[in-house]
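For reference, the chains in residue letters:
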Amino acid sequence: MLEVDTGHEIILKHFHQGKGIRQIAKELKIHRKTVRSRIEQFERLRRSQMGEGKSSMAVIAKYLQTGATYDSSTRSRPKLTEQITSQIDTCLAENEKKREDGRRKQQLKKIDIHEKLTAAGIKVSYSSICKYIAAKDKVKRTQEAFIKQGYEPGGSCEFDWGEVRLNVDGSYRRFYMAVFTSSYGNYRFAILFERQNSLSFREAHIIFFAHVGGVWHQMTYDNMRVAIAEFVGKTEKTPTEALLSLSRWYVFRWRFCNIARGNEKGHVERSVEYVRRKVFAFKDEFESLEDAQKYLVERLSELNQRIPNGAKKSPYDLLLEERKSLVGHPGKMECFDGDHCKVDKYATICVGTNRYSVPDRFTGKMVFVKNYSSHIQIYEGSEVVCRHPRSYKRFDWQINLDHYLVTLKRKPGAIGDSIALRQAPSWIRALYKEHFLHDSRSFIELLQYCQTNDIGHAQLKTTSDRLARQYPANVDADHIIALLGNQPDDSSRAPKIQGPDPIAEQSMKNLTELTSMMG
């Protein structure tokens, strides 16, 4: 379109300065046809307006306020012929058929249709194809209408997963957030997990129902793998064993959303984004996952007590009303994956790709393992043999030094480079290197004494540190054992002595005299 300023210059140069069409086109660097067209338009307008009795100045002022216009209503697309449109329609029909029989991801995109037509020798631009398809979609497409829902107290609760990246123990990692939202009161609750699996799915429900103290009549899920085992046809869905076990224990119904219809559980869809932004946008660095979970619960407690705009009650107040309509809580359901494992020659069992130590007396035997999302417990019959935090690394070793004391007593030289010592607390490693580096057998006997007499690591650390401060030259197994024998671990069995401990002082005095006699 010709600009207003350029059209103004043409009129002024021709009618006021008397310049010809060729000279004007040369000065303004535009084509002569454009100059002639503009002058002719002005002449036609002036003749029509002068016939109505209006002045030429008024006509000029009106005409010069607009640029040159072009009538494109009758313009056609010379390249987009009927043959080309029929080819495009054929491709669109094939896409429709693929969507119906499950080949949605194999549809031809617009760029693919353009490539197909070009390969067939048809010359058409990509933009022409896009405009044609957009026009057809606009005719077909109708705006979707939604139906406002009203929920009864205790009737429905929605569940969904969300991802969040947190800096835990010095590095950013991805965690999975299980989010629950009440449909009636919009009460929100969330739990963090290392994995998004059926074990975490069950544990999330157990923790949430215990937190609320009741169970909703119906739980709503989307098409998540932890809830749907398989699809039967287009509408029928088979629930997983994890969902069935939860439903049997807590007595609730379930409902699955249609595919790609997140609006059918819109409360929790918005809650995932809301919780992630309102909680972890302010703080995302924690020392451990437990600290992150504690912070999440505290922030959600604050958010649930806020009264939303336009509402009269907070989600927490509505939950108190809703509890009257919930199904009674039947008690916590135990949630674990159990398996029998054989203890290998390293006195470890294999869970996934990771290994966990057990006491060396079980080498070659079968034990029963309960896998929880946060830890594992190892049993011999009904007795708990040991417990480890669950590791989600790959090919990791979780070794407890106390599990190998019987073997190390026979092979004391193996302790120096062992993974068991490397994974022991830092103060135990320091105690060994500073005082028992050349006497491994005495160090192992000290740890065995503590294990046999049920002396905790905290008491052993306190005693060894005290002896090292007062008599650094006398830190050995005999002196530490002598002091431990006069310090009961359970403070409830003996009155707490204020000030100096006379028994400990007398023991220290005896040790000093014994040391001087030996010298």
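Relevant structure appears above.
Numbering of residues starts from 1 in each chain and follows the order in which that chain's sequence is written. Where local features are concerned, this predicted model is filtered to residues with pLDDT of at least 70; where side-chain atom pairs are given and counted, the filter is 80 or more; whole-chain, interface and lining totals use all residues. Heavy atoms throughout the structure, all of them, feed into the side-chain values; hydrogens and water do not.

## As for helix α9 (residues 241-250)
The following threshold applies: Throughout, exposure labels follow a simple rule: accessible area from a 1.4 Å probe, protein chains only, divided by the maximum for the residue type, with under 20% read as buried, over 50% as exposed, and the rest as partly exposed. Each helix is a run of DSSP H or I of at least 4 residues and each strand a run of E of at least 2, with the numbering of both proceeding from the N terminus. Contacts are assigned to residue pairs with any non-hydrogen atoms lying within 4.5 Å of each other.
Within α9, the full set of buried residues consists of A242, L243, S245, L246, S247 and Y250. Elements that come into contact with the buried residues of α9 comprise α8 (198-212), β4 (214-215), β5 (218-221), β7 (236-239), β8 (253-256) and β10 (327-328). Trailing α9 by a residue or two, V251 shows a phi angle of about 55°, which is positive.

## As for the pattern of salt bridges
Pairing is possible between side chains that carry opposite charge, provided their charged atoms lie close to one another. Formally: We count a salt bridge whenever a side-chain nitrogen from Lys or Arg sits within 4 Å of a carboxyl oxygen from Asp or Glu.
Taken as a whole and judged by the stated rule, the model has 15 salt bridges. The closest approach of N and O atoms between E27 and K13, which form a salt bridge, is 3.1 Å. Pair noted here: E27 is in helix α2 (residues 21-28) and K13 is in helix α1 (residues 4-16), with a separation of 14 residues, a long-range link. Judged by its relative accessible area of 12%, K13 falls in the buried class. In this structure, the salt-bridge partner of R355 is D344, at a minimum N-O distance of 2.6 Å. With R355 in strand β13 (residues 354-357) and D344 in the loop between β11 (337-342) and β12 (348-351), the pair connects residues that are 11 residues apart, well separated along the chain. Since its relative accessible area comes to 27%, R355 is described here as partly exposed.

## Quick look at the sheet that holds β13
Note: strands within a sheet are paired through backbone hydrogen bonds, in either parallel or antiparallel orientation. Applied cut-off: Here, strands pair whenever DSSP counts at least two bridges between them.
Strand order in this open sheet of three strands is β12-β13-β17, and the pairing throughout is mixed. Both outer strands of the open sheet, β12 and β17 (397-398), are each paired with one neighbouring strand and no more. Where β13 lies against β17, two bridges are found, and the strand directions are parallel. Paired with Y356 across the two strands is Q398, which belongs to β17.

## Quick look at the environment of H435
Looking at the secondary structure, you find H435 in helix α15 (residues 426-435). On the accessibility criterion, H435 (26% relative accessible area) is partly exposed. C-alpha separation for the pair H435 and A473, spaced 38 residues apart in sequence, amounts to 9.1 Å.

## A short note on the packing of aromatic side chains
Note the threshold: For this analysis, a ring pair means two rings from Phe, Tyr or Trp (six-membered ring only for Trp) whose centres lie within 6.5 Å, classed as stacked if their planes differ by under 30 degrees, edge-to-face if by over 60, and tilted for the remaining angles.
A complete count under the given rule lists 20 aromatic pairs for this structure. Ring geometry for F336 and Y372: centres 5.8 Å apart, planes at 50°, overall tilted. Taken together, the residues F336 in the loop between β10 and β11 and Y372 in the loop between β14 (366-371) and β15 (375-380) connect sequence positions 36 residues apart. Residue Y372 is classed as buried on the basis of its relative accessible area of 12%. Relative to W397, the ring of Y346 lies with its centre 5.9 Å away and its plane at 80°, an arrangement referred to as edge-to-face. Linking Y346 in the loop between β11 and β12 with W397 in strand β17, this pair joins segments that are 51 residues apart in sequence.

## With respect to a positive patch on the surface
Applicable threshold: Excluding any residue in a salt bridge, patches collect residues exceeding 30% relative accessible area, merging like charges within 9 Å and nonpolar Val, Leu, Ile, Met, Phe, Trp and Tyr side chains within 5 Å. Methods summary: accessible areas were calculated by the Shrake-Rupley approach with a probe of 1.4 Å, and residue burial reflects only the protein chains presented. The convention is simple: Lys and Arg are positive, Asp and Glu are negative, and His and the chain ends are not counted. For the purpose of locating charges, the reference atoms are NZ of Lys, CZ of Arg, CG of Asp and CD of Glu.
A grouping of R22, R32, K33 and R36 is seen on the molecular surface, where their side chains present a positively charged patch. At three residues, helix α3 (residues 32-50) tops the list of elements feeding residues into the positive patch. Inspection of the secondary structure assignment puts R22 in helix α2. Residue classification places R22 among the exposed residues on the basis of a relative accessible area of 60%.

## Remarks on the pairing of β5
By the alternation rule, side chains of β5 split into Q218 and T220 and M219 and Y221, which are all buried. Judged from the three bridges that link them, strand β1 (residues 156-168) and β5 form a sheet pairing that is parallel. In the sheet register, S156 faces β5, and the bridge partner there is Q218.

## Here's the deal with the sheet that holds β14
Going by this rule: Here, axes are lines fitted to C-alpha atoms. For helices the fit covers the stretch in contact, and angles between N-to-C directions go from 0 to 180 degrees.
Across the sheet, which stays open at both edges, the four strands sit in the order β11-β14-β15-β16 with antiparallel pairing between neighbours. For this open sheet the edge positions go to β11 and β16 (383-389), each flanked by a neighbour on one side alone. With strand direction ignored, the average angle separating the axes of adjacent strands in the sheet is 25°. Here β11 runs beside β14; their pairing, made up of six bridges, is antiparallel. Its bridge partner being in β14, K342 is matched across the sheet by M366.

## Thoughts on the nonpolar core
We apply this condition: By convention a nonpolar core is built from buried Ala, Val, Leu, Ile, Met, Phe, Trp, Tyr and Cys residues, the set being connected through side-chain atoms within 4.5 Å.
I349, I378 and L401 are the most contacted members of the largest nonpolar core, which has 41 residues in total. No other element matches the five residues that helix α16 (residues 440-452) contributes to this core. Excluding residues within four positions of it along the chain, I349 makes contact with C341, K342, V343, N354, R355, Y356, V358, V367, V369 and I378.

## Thoughts on the side chain of R188
Going by this rule: Two N or O atoms form a polar contact when they lie within 3.5 Å of each other; inside protein one atom must be a possible hydrogen donor and the other a possible acceptor, and for residues adjacent in sequence the pair counts only when both atoms belong to side chains.
If you trace the backbone, R188 turns up in strand β3 (residues 188-193). One buried charge, R188, has no salt-bridge partner; the nearest side chain with opposite charge is E273, at 8.1 Å. In terms of polar contacts, R188 uses its side chain to reach the side chain of S271, at 2.8 Å. Each residue touching R188, except ones within four places of it in the same chain, is listed here: F180, T181, S271, Y274, V275, L300 and N304.

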